[in-house]
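Per-entry structural report
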Amino acid sequence: MHTRRYHHGDLRAALLARAEETLRERGPGALSLRELARDLGVSHAAPSRHFKDKQALLDALALAGFDRLVEVLTGARDAGGAFSDRLAALARAYVDFATANAELLDLMFAVKHDPAASLALLEAVQRAVALAEELIADGQRTGEVRQGPVDRISAPVFTTLHGFAGLAVSCQYSAEETAAGLDDVLAYMVRGCAPEGGGVPLPEPRPGRGPGLGRVDQRQES
């Protein structure tokens with residue numbers, strides 16, 4: 001474990017940064033305001049100026065995570081192109097974030113369901129959901145996505161994506177296996193969004209993709 005002493009500046013930011021390191025290294029059960037204070041070399045009372053308790057710290061960590069996720073997804077969604085290409089960009093950005101921040105993502109989705117979750121956190125969650133729904137609505141306007149309630153179309157699409165990201169983390173897929181598997185998932189998602197009786201171009205796979213999920217599953221069973 002790396003200990004970073006705090007030197008005059010933004011203590012709140014330092015506490016969140018150290019808390020995320022602890023989360024990544026040891027999991028949420030190891031998070032403690034007292035331990036964070038000790039790690040940063042400040043008094044035990046100092047963190048309470050920013051976080052009244054551990055739950056407030058977890059809420060702030062989750063909020064910071066959703067803010068980062070929204071920023072990443074917004075950049076991907078705004079890349080332009082056909083619906084399938086924009087969906088692919090957004091999906092790859094999400095999976096990249098999820099695999100690089102697995103512990104944080106788990107915390108984000110756990111804390112957002114807590115009855116004590118802050119209004120700021122719930123609003124950040126809604127911004128992430130809105131990005132997905134806006135993409136589906138744009139596809140409907142251009143005729144690339146079937147008509148119907150946007151939430152009924154977006155929910156299965158993005159639960160599939162979230163499930164694949166979790167699978168990639170838990171099964172410890174390599175980068176090549178993750179890219180190949182995601183290409184297959186993207187093709188499935190695009191077909192699920194397509195208008196009835198109409199064809200929608202599938203997203204281009206990433207260059208140099210390896211074998212798909214079938215080989216990965218066989219490896220896990222062996």
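Our subject is the structure listed above.
Computed from a predicted structure; not experimentally measured.

**Observations regarding helix 3 (residues 54–77)**
Residues lying three or four places apart along an α-helix face the same way, a consequence of the helix completing one turn every 3.6 residues. When the terminal C-alpha atoms of helix 3 are compared, their 34 Å separation across 24 residues agrees well with the 34 Å that a helix rising 1.5 Å per residue should span. The opening residue of helix 3, the one whose side-chain oxygen lies 3.3 Å from the backbone nitrogen of Gln55, is Asp53.

**As for unusual backbone geometry**
At Gln172, a residue that is not glycine, the phi angle is positive and equals roughly 55°. Structurally, Gln172 is set in the loop between helix 7 (150–170) and helix 8 (175–193). Residue classification places Gln172 among the exposed positions, given a relative accessible area of 67%.

**Examining the environment of Arg49**
Mapped onto the fold, Arg49 is located in the loop between helix 2 (33–40) and helix 3. Judged by its relative accessible area of 64%, Arg49 is exposed. The spacing of Arg49 and Leu11 is 38 residues in sequence and 9.4 Å in space, taken between C-alpha atoms.

**Observations concerning the pattern of salt bridges**
Evaluation of the coordinates by the stated rule reveals 12 salt bridges. One salt bridge in this structure joins Asp67 and Arg127, with 2.9 Å as the shortest N-O distance. One end of the pair, Asp67, is in helix 3; the other, Arg127, is in helix 6 (residues 119–141), and 60 residues separate them in sequence. The shortest N-O distance in the salt bridge between Asp138 and Arg141 comes to 2.1 Å. With Asp138 and Arg141 both in helix 6 and three residues apart, this pair spans about one turn of that helix. Each of the salt bridges in this network shares a partner with another, and the network as a whole consists of Arg18, Glu21, Glu25 and Asp39.

What counts as what
Residues numbered from 1 in each chain as written. Predicted model: local features only at pLDDT ≥ 70, side-chain atom pairs only at ≥ 80, totals over all residues. Heavy atoms only, no water. Helix = DSSP H or I, 4+ residues; strand = E, 2+ residues; numbered from the N terminus. Expected span 1.5 Å × (residues − 1). Polar contact = N/O pair within 3.5 Å; in protein donor to acceptor, adjacent residues only side chain to side chain. Buried < 20%, exposed > 50% of the residue type's maximum accessible area, 1.4 Å probe, protein only. Salt bridge = Lys/Arg side-chain N within 4 Å of Asp/Glu carboxyl O.

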